[in-house]
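Spelled out from the first residue to the last, the chains are:
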Amino acid sequence: DLEAAKPIVEEALAALNSLVKGDLTELKALGKPPPDVEMVAVAVMCLTADPKHIPPRKNRDWSNAKKMMANVDRWMVSLKEYDANKIPQACVDAIQEYIKDPSFKPELVKTKSQAASGLCAWVVNMNKYHTIRCDVKPKEEKLAEAQEKLARSKTDLKKVQDRVAELKSKLAGLVKQFDEAVEDTRQIETQARKTQEKANLAERLVGGLAGEKLRWGKTIDELDNKMALLIGDVLLAAAFVSYIGPFSKKFRESIYAEDWLPDISERQIPHTAGLDVVMRILTSEAEVAGWQNDELKSDRLSTENGALVTNCKRWPLLIDPQLQGVKWIKTREAGALQVCQLTQKNYIHTVIRCLTEGLPCLIEKVGESIDPILEPILGRMVIKKESRLYMRVGDKDVEYDPNFKLYLQTRMPNPHYKPEINAQATLINFTVTSEGLEDQLLAVVVNRERPDLEESRVTLLRKTNQMTIDLEMCEENLLQALSQATGDILENVALVVQLETTKKKASDIEKSMQEAQVMQAEIAENRRAYTTVAIRGSLLFFQIDQLATISHMYQYSLGAYMQIFQKALTRAEQPSEEDGDYLPARCAKLTDSITKTIYAFCSRGLFERHKLIFSSLLCFSILLKEGEIDQKQLNYLLRCPRKFGVEMPANVKTWLSESCWAAVQALREVEGTTPPFSQLDKDLEESNRWQKWCEIERPEDRDEGRLPTDWKHLKAFQRLLVLRALRPDRLVVGLTNFVADSMGRFFVEDKAVPLRESFEDSGPATPVFFILSPGVDPGQFVMAMGAELGYTEEEETMFNVSLGQGQEPRAFAALEHCFAEGGWAMLNNIHLVELFCKELEKRLDVYEEHYTKRAAYLKLRREKKLALKSLRRKSQVSASAVAAAAAAADDSDPPVLDEADVEVTIDDTPTPPSEKPIPRRSITDDAIFAMCAEDDDDPEIELELDDDPELQWEGDVGSTSFRVFLSAEPSPSIPIGILQRSIKLTNEPPSGIQANMVRALSNFTHEPWENSQKPGEYKAVVFAMCYFHAVVIERKKYGAQGWNRAYPFNVGDLTTCVEVFNNYEERPKVPWDDLRYVFGEIMYGGHITDDWDRVLCMAYLENMIHAGVSEELELAPGLVVPQFGNYAEALEVMKHGIPPETPLLYGLHPNAEIGYRTLQAEMLFATINELQPRQEGAVGLDPAEEVKLKVDELMNSLPEQHNLTDISERLDEDHTPQAHVFYQECERTNLLREKVLQALSELDLGLRGALSMSQPMQELYESILVDKVSPEWTKYSFMSTRPLGSWFQNFNDRNLQLCEWTSELITPRVTMINLFFNPMSFITAIMQDTAIRYTYDLDQMALITDVTKKWPEQIEYHAKDHGAHVCGMTMEGARWDHGQVSIEDSNPKELYCRIPVCTLRSLPLSKIDRKDQYECPLYRTQERGPGIVCGIHLKTKAPARRWTIAGVALLLDVVE
């Protein structure tokens, strides 16, 4: 209640506070205030008066009130400090009369005085408060009494509380003691529990790491040892990464084991003995397993290459012709890898984007030169600007991201890069090895024969690789957890649990790996049965891969080989019961199939002259692999070394040449035969049967050519060695028989492959490539086949484009049309447009990539379709099974369900290692897949597949009927990529006189003489010209004796000649001379560039084209121009009336066949020898050792240098022209000696490691190894076809003649003209000498040759009449008859006839009689052609053109 009255007091005080001094002063100043104002003042005076002295009523006036207000400030303070709680009752009673007055209200008083209004409100409120205060006072008294009682109670309570507090204090002390005792007990229990837990954790930790103690201890010891050996190990690893990349596996092993390790040991650099640099330093098993999961091959070389790629600091440049490395890179960098080629437009933009975004970049198909714009990138020329890195690419700075990776790849098998590229990039040789390819092919074979087995192996291999990775990760996690543990390790429960989990996982993995190893051994044992097939496949690939050495056109990729290999496996026949055990018989069938299929695939793209080379390569390599022949014996067969200097017995000399005797002497050193070849030379001397054997027509025949005495027991291959030494002319036939006997007639028969068969092997991305031969047009065959299959130019499904003359856009348009709409594009003569070929290669790359993606897409779509059908079929089968069960629920017998109706589960889960390694598809699986295949056009499934986001195809579909046919002449400008992907075909014209005559006549489809006025002459000329055409084409097979150069004669020459005759024959008299001139000088002669070949051509025509041609003219022995009535009769004569093929048909001596076949054999074996691996030299040494010995021998045999200064001083001022020639020969000898000595000295230093092997040094090394003269030496050398050893001997012989001249400076009595660098200069000197002495004009002088009957040792005097005795000429194609003193036919099997000493002299041509003389061309070597010296006129009784046609010539240097 009192609190409720407090606002009244506050209102009163507020009323006082509202008064200001000015208002009160104004109030005080009133003289006679209004009654209401005075009443207020009196009320205030009464209220504030002393209750004992309250003014009486009479004193209650304004004057006394003013006294009250005398001091306004003090009065106001007193009013404000007035105690409202202690207002005297008397004062309150005194003001009641005023309170009750109606006019005593503040609002009324306010109208008269503001100050009085506030005082009125104060009085009113004080009165109200007092009234309330009086009501509350009894209550306050009661409250005071109650409070007094409370105080007393509190005092009592205080005493009790003090007592209680005292008791509580004692209790707290006791409780504290109790709690301390309990806490001590708890801590002891906790500590005991922790101790027990630590003990348990320690036991678990010790148990978990118990197995690691020994290994870690061993590892620590190994690491301690490695620390001491680290220098040498790292040195070897650095050398391995830096230098070993470009080399083959064999050379890597050799240089590491035989050079680096001995050198580092010799220098006493500490290193680990037997260190495996790759697996111990550069990589780990887990990392290698990851590479193999990314499709890196598992052979050792691939693992080394993987380590090189991942460790090299220079950008890797992969030598990868089979694309094995690129496939790994693309899989490893999948997703981010950007691929480009230097030939692509704007390829640099792709490189720059990778550079700035830090992406991996692969540049494919790099050549031997690299775009200079890439040099800053190859050299890592990084520029730092502020905090960023840049590279200068072209004319601008490109930001460089350190994450950028660059890979370069070349498909060239043996590229030659400049030193700058070798310094900027790490060359890595990814060329497939035989071991690696065997593993790949074994997988293909097993996958074909036992897909379940191969599937298990692949699955197991991937699991094993993954387990290897997981095991290493477990070990790393274990060590990482231990190393990062903090605090007391025995209190880290999570750590121990993690260690136990990791340890258990590692233990499980190790157990699984042990089981996997057992399974791998079982699978390997099952696969081993097919190893022979894989070995044969690998061997075949490496043989065909070498064919590119023979011709650039023979390029084959591993991908194309794999396709043919798989086709061969498919075509293999199943063994019969007669073949014995199934598996060995099946492997034999597979081996036979792949050998024949791959031979057929390759041989159809080989020229005829190379097919026997290829079949021989296969035969020798197979027999070597099987151990049937000896490598040293094979080396002899291929190289046929000759050992000169052993005197030939007199009785042998009569029937055996010196060359054959030298070959026999070298054959004596070949071991491993019974009887031994070391006895052969003695047997030749003692037994005359050898002479009879050598004179047999077919000594290679096993029956007719049986070897004498015990030599008949030689093996078939060893008989070839005898044939090689004694009858090289029959070696090709013998080799053909040997290959046929060893491998079958299939490998030596010439069977035409139908174009349709090759077409079936082709595809949209696999073109058919025709390698052109002169006179063959494959386009007509393609057009004919296209017409059969419905591809014609009229329907725009066949496009035939001949390149050249701006046809490139038309060719590309044809390709694009056929690709989009389907059709065939035939592009002819692409060798004429090199730039087009490069663009065509890129187009074919695009097509191949497209069809590969399309095939993958269709495969995925088919798999998903089969899966959807399988699921649908399962649900249908399950529903029918349930329905059948429900229908039979009421029957007493349970329903019998077929397995195919119930068991419909297909388990695609990989087989775990602990289960059987050879899962097989169940019958249920086959049934379901068969059911799925029944309905291929389910609309619902097709719609569901169309909506599948993984099956959305963008871009062109590409027609499956798209085919590309290409044709080109052999040319190095054809890109390798085109050749490797193509099916190559050759179509050569028929060989032999008869076939060519028939082919020539076929160009006249009608009877051209039908309307002729002279049909007899017309028919005879056509027949004779067909013969002439066949002769000039086939004569080239006899080499230089046939034609000095090869000419592209064609049927157009023949048909034009016949047309010319048709125009001339209307004249009364046929102008035979004009016809011969047109035929020989213009039509056929238009191709001829050699003058002596032109003479030969005219000689044939002089024999054939004349008035007697229609009078049964004899064209060749046994061949006359027949009298026939019509075309059919002429064709019949050509097919059945032509004599057997012999040199006589060409006008050559039968000995030409020997020379031709001998040359053929030499070329064949030289080619095969070039393709042999350089594992050892001819004498069984290491190639480098053999070359070193040969270099030392050659340097020691070099002649002394001629002192030209001394010779010049000794010569008279008026020395003869002949002396000048000898002086020039000395100069050239000195120059050649200097070049030879310099090259040999540099190579010697290179072999000793003192010089780096340059390209010329490498070429010289290869030349010495195969006994050839270095091409660099031939620039300064005399012309020669000799092998290196014989060439050096000949060089010394030439020098000996010069030494003889320098002793007296007089022309020798007999000059060996064959020992001159320039023999024509000596002949000219003879004519100059005569012209000078008799003052004749030199251009009027001619040479006279008198053949004597003496040999050099029989000449006693110098020649007279300023001539010279010369010797050293050999005749080929005929012989010089000493008795008849003229040229006569050669003796049988005498290929070369030595000419006795000849006296060369000179007279003016007007004084010389050339009657009955044959101008015999003199050549320096057997190659003739460019080695022409001059014509030597020799006496002859036969017509001169007979010897011209016979190819009779004189040779200065003969190598038999």
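Residues numbered from 1 in each chain as written. Predicted model: local features only at pLDDT ≥ 70, side-chain atom pairs only at ≥ 80, totals over all residues. Heavy atoms only, no water.

A. Structural view of the overall build of the chain. Helix and strand counts for the chain stand at 53 helices and 26 strands. Relative to the compact-globule value of 35 Å for 1456 residues, the chain shows a C-alpha radius of gyration of 58 Å, a clear excess of over 25%. Seen through its principal axes, the chain has C-alpha atoms that stretch 205 × 110 × 85 Å. Burial analysis of the chain (1456 residues in total) assigns 47% to the buried set. Within the chain, counting contacts between residues at least 6 apart in sequence, those at least 24 apart form 74% of the total. (Helix = DSSP H or I, 4+ residues; strand = E, 2+ residues; numbered from the N terminus. Rg over C-alpha atoms; globule rule 2.2 N^0.38 Å. Buried < 20%, exposed > 50% of the residue type's maximum accessible area, 1.4 Å probe, protein only. Contact = heavy atoms within 4.5 Å.)

B. Structural detail: the environment of Arg-1210. With respect to the helices and strands, the residue Arg-1210 is situated in helix α47 (residues 1204-1210). Along the sequence, Arg-1210 and Glu-1304 sit 94 residues apart, while their C-alpha atoms lie 9.4 Å from each other. Contact partners of Arg-1210, with chain neighbours within four places excluded, come to Thr-1302, Ser-1303, Glu-1304 and Leu-1305.

C. Representation of the packing of aromatic side chains in the model. Evaluation of the coordinates by the stated rule reveals 53 aromatic pairs. Relative to Tyr-1084, the ring of Phe-1028 has its centre 4.9 Å away and its plane inclined at 85°; by these criteria the two rings are edge-to-face. Note that Phe-1028 is positioned in helix α40 (residues 1015-1034) and Tyr-1084 in the loop between α42 (1072-1083) and α43 (1091-1104), a separation of 56 residues in sequence. Across the pair, exposure class does not vary: Phe-1028 and Tyr-1084 are buried alike. An aromatic cluster of at least three residues, connected via ring pairs, comprises Phe-1028, Trp-1043, Tyr-1047, Phe-1049, Tyr-1084 and Tyr-1100. In this arrangement the basic side chain of Lys-984 is found over the ring face of Tyr-556, its NZ or CZ atom lying 4.1 Å from the centre. (Phe/Tyr/Trp six-rings, centres within 6.5 Å; stacked < 30°, edge-to-face > 60°. Lys NZ or Arg CZ within 6 Å of the ring centre and 35° of its normal.)

D. A look at the sheet that holds strand β22 (residues 1392-1394). Spatially, β22-β19-β26-β24-β25 is the arrangement adopted by the 5 strands of the open sheet, whose pairing is mixed. Taken across any chain shown, the strands that pair with only one partner, and hence form the sheet edges, are β22 and β25 (1428-1435). Averaged over all neighbouring strand pairs, the angle between strand axes comes to 35°, with direction disregarded. (Pairing = 2+ DSSP bridges. Axes fitted to C-alpha atoms, helices over the stretch in contact; angles between N-to-C directions.)

E. Here's a closer look at a nonpolar patch on the surface. Side chains of Leu-157, Val-160 and Val-164 sit close together on the surface and give an oily, nonpolar patch of about 230 Å² of accessible area. Structurally, Val-160 can be placed in helix α8 (residues 114-243). You can call Val-160 partly exposed: its relative accessible area is 48%. (Patch = residues over 30% accessible without salt bridge, like charges linked within 9 Å, V, L, I, M, F, W, Y side chains within 5 Å. Areas by Shrake-Rupley, 256 points an atom, 1.4 Å probe, with all protein chains shown as cover. Salt bridge = Lys/Arg side-chain N within 4 Å of Asp/Glu carboxyl O.)

F. Structural context of the pairing of strand β8 (residues 425-429). Extensive coverage of β8 is indicated by the burial of 5 of its 5 residues. Across the two faces of β8 the burial is the same, with Ala-425, Leu-427 and Asn-429 and Thr-426 and Ile-428 all buried. In this structure, strand β1 (residues 315-319) lies alongside β8, joined through 5 bridges in parallel fashion. Bridge pairing in β8 links Pro-316 to Thr-426.

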